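Each chain is listed here by its residues.
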Amino acid sequence: MISIKRILTLAIAGLLTACTSQISINDVLPQQELDRTIYLRGDFTLWDAEPQYQFAPVGPALYQAQVKFSTPGKVYEFKIADVDFSEGYNCGYSDAQPAGQSLTLGQPAIADCNTIYNYFSFTPAIKGIYIVSIDYSDYDKPQVTITKK
């Protein structure tokens, strides 16, 4: 005869097995991959898509490009865009961003990738190489960050 303890143990084991599901790292991390090349385009490139300013993937949904800013105190203007400034790939500041177009070092800002005129601006305190990142973890609200290398 089966004991009540054994029945309870089997019932709990069955419930635990039924409740567990296989979760992979792909379920946790975003998998948004761009279907085209994007560039850092600004007054320093004459708004052209130049290969040295091409964004490279550095993690799931995270892309980065490097830029050298040589003049401290100068306001640099730029966008993140594909070669044609296509809709959905023409990223500037979002009108919903309270700080407007100006980026602050290390502070993410929401981008609008369907904008025509809204470019970002950044004023470096010192000359050097900076990294511009765009994070598509939330594809509807990508975030742009600038850091010093």
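In this text the structure is predicted, and so the values were computed from the model without any measurement.

Colleague: I keep staring at the overall build of the protein chain and nothing clicks. Help me out?
Modeller: Secondary structure summary: the protein chain contains 2 helices and 9 strands in total. Starting at the N terminus and ending at the C terminus, the protein chain contains elements arranged as α-α-β-β-β-β-β-β-β-β-β. Out of the 149 residues in the protein chain, the part that is buried amounts to 34%. Long-range pairs, those at least 24 residues apart, make up 62% of the contacts in the protein chain with a sequence separation of at least 6. If you sum the accessible surface of the protein chain, you get close to 9300 Å²; carbon and sulfur atoms cover 56% of it.

Colleague: What is the right way to read the layout of surface pockets from this model?
Modeller: Any empty space left between atoms is shown by rolling a water-sized probe over those atoms. Empty space within the largest pocket amounts to approximately 160 Å³. Around the largest pocket, the lining comprises 13 residues; the ones closest to its centre are Cys-113, Asn-114, Tyr-139, Asp-140 and Pro-142. A breakdown of the residues in the lining of the largest pocket according to their chemical character gives 7 nonpolar, 3 polar and 3 charged.

Colleague: What is the right way to read the side chain of Arg-41 from this model?
Modeller: With respect to the helices and strands, Arg-41 occurs in strand 1 (residues 39-42). An unpaired buried charge is present at Arg-41: no salt bridge exists, and Asp-48, the closest side chain of opposite charge, is 5.0 Å distant. At 2.7 Å, the side chain of Arg-41 forms a polar contact with the backbone oxygen of Trp-47. One polar contact links the side chain of Arg-41 to the main-chain carbonyl oxygen of Asp-82, over a distance of 2.6 Å. With near-sequence residues (within four places) excluded, Arg-41 lies in contact with Trp-47, Asp-48, Ala-49, Phe-78, Lys-79, Ala-81, Asp-82, Val-83, Asp-84 and Phe-85.

Colleague: Got a minute to help me understand the pairing of strand 9 (residues 143-148) in this structure?
Modeller: It is a general feature of regular strands that their side chains alternate between the two faces of the sheet. Here strand 6 (residues 109-112) pairs with strand 9 via 2 bridges, running antiparallel. When the sheet's bridge partners are listed, Ile-110 is paired in strand 9 with Gln-143. Across 6 bridges, strand 8 (residues 128-135) lies against strand 9 in antiparallel orientation. Along strand 9, the bridge assignment pairs Ile-131 with Thr-147.

Here is what the cut-offs are and how they apply
- Residues numbered from 1 in each chain as written.
- Predicted model: local features only at pLDDT ≥ 70, side-chain atom pairs only at ≥ 80, totals over all residues.
- Heavy atoms only, no water.
- Helix = DSSP H or I, 4+ residues; strand = E, 2+ residues; numbered from the N terminus.
- Buried < 20%, exposed > 50% of the residue type's maximum accessible area, 1.4 Å probe, protein only.
- Contact = heavy atoms within 4.5 Å.
- Areas by Shrake-Rupley, 256 points an atom, 1.4 Å probe, with all protein chains shown as cover.
- 1 Å grid on protein atoms, 1.4 Å probe; cavity = no way out; pocket = protein on both sides within 12 Å on 5 of 7 lines; lining within 4 Å.
- Points joined across faces, edges and corners; volume = space filled by probe spheres on them.
- Nonpolar A, V, L, I, M, F, W, Y, C, P; charged D, E, K, R; others polar.
- Lys, Arg positive; Asp, Glu negative; His and termini not counted.
- Salt bridge = Lys/Arg side-chain N within 4 Å of Asp/Glu carboxyl O.
- Polar contact = N/O pair within 3.5 Å; in protein donor to acceptor, adjacent residues only side chain to side chain.
- Pairing = 2+ DSSP bridges.

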